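So the chains spell out like this:
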Amino acid sequence: MSDEPQPQQPNQGWAPREPQTAGEGKTGKPERPRRTGWRRLIPTWRITLSTCLIGAMLLIGGFFLGYHLVQIPAANALATKQSNVYLYADGSVLARDGEVNRESVGLARISKDAQHAVLAAEDRDFYTESAIDPMAMVRAGWNTATGQGKQSGSTITQQYVKNYYLAQEQTITRKVKEFFISIKLDREKSKNEILEGYLNTSFFGRGAYGIQAAAQAYYGIDAKDLTAAQGAYLASLLNAPSQYDIVAHPENRPAAEARWNYVLDGMVEKGWLTATERTGTKFPMPKETTVSTSMSGQRGYLVNIIKAYLDKNDIVTEEDLDRGGYRVTTTLQKDKQDAFVKAVDDKLMSKLDKKNRKVDTYVRAGGASVDPKTGKVVAMYNGIDYVKQYTANATRRDFQVGSTFKPFVFTSAVANGSRTQDGRLIRPGTLYDGTSERPVQGWSGDRYAPENEDHHDYGDVTVTEATDKSINAVYAQMAVDVGSDKVKQTAIDLGLSPDTPELVPSPSIALGVAHASPLDMAEAYATLANHGRHGTYTLVEKVLKDGKHEVELPERHEEQVVSREAADTTTSVLRSVVQNGTATAAQTAGRPAAGKTGTAEEDKAAWFAGYTPELATVVAVMGQDPVTAAHKPLYGAMGLDRINGGGAPAEIWGQYTRNALKGEPVTDFDLQLQAGANITESPSAGTSDEPGAGEESGSRKPGDESSGDNERNDTRTPGRTDGGSTPPGGDTGAPTAGGPTADAGPTGNDDPANGDGTTEGDNGDGDSTGTGGDDDSDHGTIAGIPLSPRRQ
């Protein structure tokens, strides 16, 4: 063994290391520069990854925690549901409802077509998807948050859980429970069991819970007998039960049919219905009613109208009402409600002979009465009996209002300071050419020359006389002089809905082609009675939940929508209609009164709209086939040649108003008239056919209304002479504006033919139709505008 020292291995032992250069770490690698400035705010990939992992673990943990904590609860027993109580304004009971209309049935007792229709409407992938659809829920939440409307995003399983196990409140807690219960339920129950439960708990409107109750309510059959067409309609109702009930709301039929077609198309898409079967499918009109007799008489109509009012005004939803527990005090006054029913029975229903006159089976009546100062609806008439005629005639919008629209034209003329074609200010005494079929001047659309009733030529007449006699030629021209777009806006300002069917700017607007309800018209006439101040009508005074929690009602706002002079001058003109014109039957009210008669095309509806200082009331008599629901002419009804606004409607109005205001002091109108309202132009002033500053084209173009419809039915209103109107005592002049009624007492004659030469029928809308026949259409169109009603 050698004594010589062993050589040392390099880099071992304690030998000093080479000094590190700047920027190198302990390993000798370059050190990463420290983050400065805004870069320090950006998390590193390590932090990002850690956060994602922790978040995923928390999400998974939260899911499992929620899954184990949330248990499937017992069903919410609708058997314990409370009833709702509806009260008159004086606190007496109007009606009670709240009985749960449900008959649960097994899936085998529901037709396959009906099952498939519901799936096509609500959840087409029900049998293949999971209990929840996260993407649909996110999409629905986003649409709701961005103002695109509330959307559920729920599967049928989730909807069933909400209906059967949970309450309906829109809270995060309820949605979380719904989420976990749906997942559990999907593991514990079959798809068929869930579908069966859903079909038995869903709300279809008309108080019907479950498809068996709905099949009975709408078609009078069992769920096992539902066809594809019927099932598709019931499935459509799930989307909007009250809106898509086309018997209660005829105006919503286009929307309901669109939804119905969507359901059928979905059935074809999924192979549940063949294209051939789909082509041959016709829309299945539901029955009028199969409701409980506890809603008989006027009660059922009124309860449904009140429910719709509460829902529309976001006071209480329809579904919440159907769960019960509400005490609703209405504005309806029992004495006035009873008086309305009695007046209709006395002046109309008691005079019908349905066994011997088929046309008498078509007769319907509707009406509404409003306090002008408060906007409170105090009475309504909707039909003979809710269990016999389901449609609420006071609120339906599918009949022309006829010449009851004409006052809105004059109101607009005064409010806008309008002038005739030759520059004369439009006032009650302004002269117009009343020649029948005189072409309207200043209208840049197609030729429009409406005829007066019986083609009567009046020559130069004042606006007051034209209103008394409802002369179409004058008012069509006035609508152009004012501007039909301005006339439309005035009607809306007074109270008509902007969505009123056929409310389009054209000369024919003056003749009442619009389809407004009696309640709409009562609201507008109440604005005239209230000197041009408008506030939306109200139906509810107070709402209590469970007898102690008062539900907040929307604040009523009132504003001056037309000048007082415009409204009051219109009132002065309408007083002449009652004193000297087509509405002398309204004098039976025994009070100062103003009003206007109206008759729709082919006598399918007759109207009287009038008011005293205390009450604005509109009455309509309508013709409708009880089987097909088609609008029908009323020629021959009540044994008369015609039913006109000056007949039964004005007579009903007179009796109702007299009894409704019985015991109240008689007050006169307090009017502030347009400057020069009492001045009558002399014939030398003349009228001009020269086009002036009339309205520009741009609205719908009118056609020649008389075209193709000149075959006359020479039946005339009893008491009519020459198609003209001879006022009592031969006084054809306008009354002193603002003065008292010349003859405020009863006429003593209830017959539409007074025998004194007065015209009880309406003269001025020039009906040139034949006997009416069985034409199911309400009216036609020519050159793009609705045909106007040709009689007053």
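Scoring rules and cut-offs
- Residues numbered from 1 in each chain as written.
- Predicted model: local features only at pLDDT ≥ 70, side-chain atom pairs only at ≥ 80, totals over all residues.
- Heavy atoms only, no water.
- Helix = DSSP H or I, 4+ residues; strand = E, 2+ residues; numbered from the N terminus.
- Buried < 20%, exposed > 50% of the residue type's maximum accessible area, 1.4 Å probe, protein only.
- Contact = heavy atoms within 4.5 Å.
- Areas by Shrake-Rupley, 256 points an atom, 1.4 Å probe, with all protein chains shown as cover.
- Pairing = 2+ DSSP bridges.
- Salt bridge = Lys/Arg side-chain N within 4 Å of Asp/Glu carboxyl O.
- Phe/Tyr/Trp six-rings, centres within 6.5 Å; stacked < 30°, edge-to-face > 60°.

Chemist: Give me the overall build of the protein chain: which residues, what numbers.
Modeler: The secondary structure content of the protein chain amounts to 20 helices and 16 strands. For the protein chain, the proportion of its 792 residues judged to be buried stands at 55%. Within the protein chain, residue pairs in contact and separated by at least 24 positions form 76% of the contacts whose partners lie at least 6 positions apart. For the protein chain, the exposed surface amounts to about 34,200 Å²; the carbon and sulfur share of it is 51%.

Chemist: Kindly report on the sheet that holds strand 3 (residues 326–330), identifying the contributing residues and their values.
Modeler: Spatially, five strands are ordered 2-1-3-9-10 in an open sheet, and the strand pairing comes out mixed. On the outer flanks of this sheet lie strand 2 (93–97) and strand 10 (549–550), each paired with one strand and no other. Pairing analysis gives four bridges linking strand 1 (residues 84–87) to strand 2, with the strands arranged antiparallel. Paired with V85 across the strands is R96, a residue of strand 2.

Chemist: Any details on the pattern of salt bridges? Residues and values, ideally.
Modeler: Inspection of the entire model under this criterion finds 27 salt bridges. With its nearest N and O atoms 3.1 Å apart, the salt bridge here joins R278 to D265. In this pair, R278 is assigned in helix 10 (residues 275–279) and D265 in helix 9 (residues 253–269), connecting sequence segments 13 residues apart. On the accessibility criterion, R278 (16% relative accessible area) is buried. The exposure class of D265 is partly exposed, given its relative accessible area of 42%. The partner of R424 in a salt bridge is D422, and the shortest N-O contact between them spans 3.0 Å. Judged by its relative accessible area of 14%, R424 is buried. For D422, a relative accessible area of 35% corresponds to the partly exposed category. It is possible to trace a salt-bridge network through shared partners that takes in D422, R424 and E681.

Chemist: Residue-level account of the packing of aromatic side chains, with values.
Modeler: For the structure on display, the rule yields 16 aromatic pairs. Aromatic pair Y386 and Y390: ring centres 5.2 Å apart, planes at 40°, arrangement tilted. For Y386, a relative accessible area of 5% corresponds to the buried category. One aromatic cluster is present, built from ring pairs that chain together Y218, Y219, Y233, W260 and F283.

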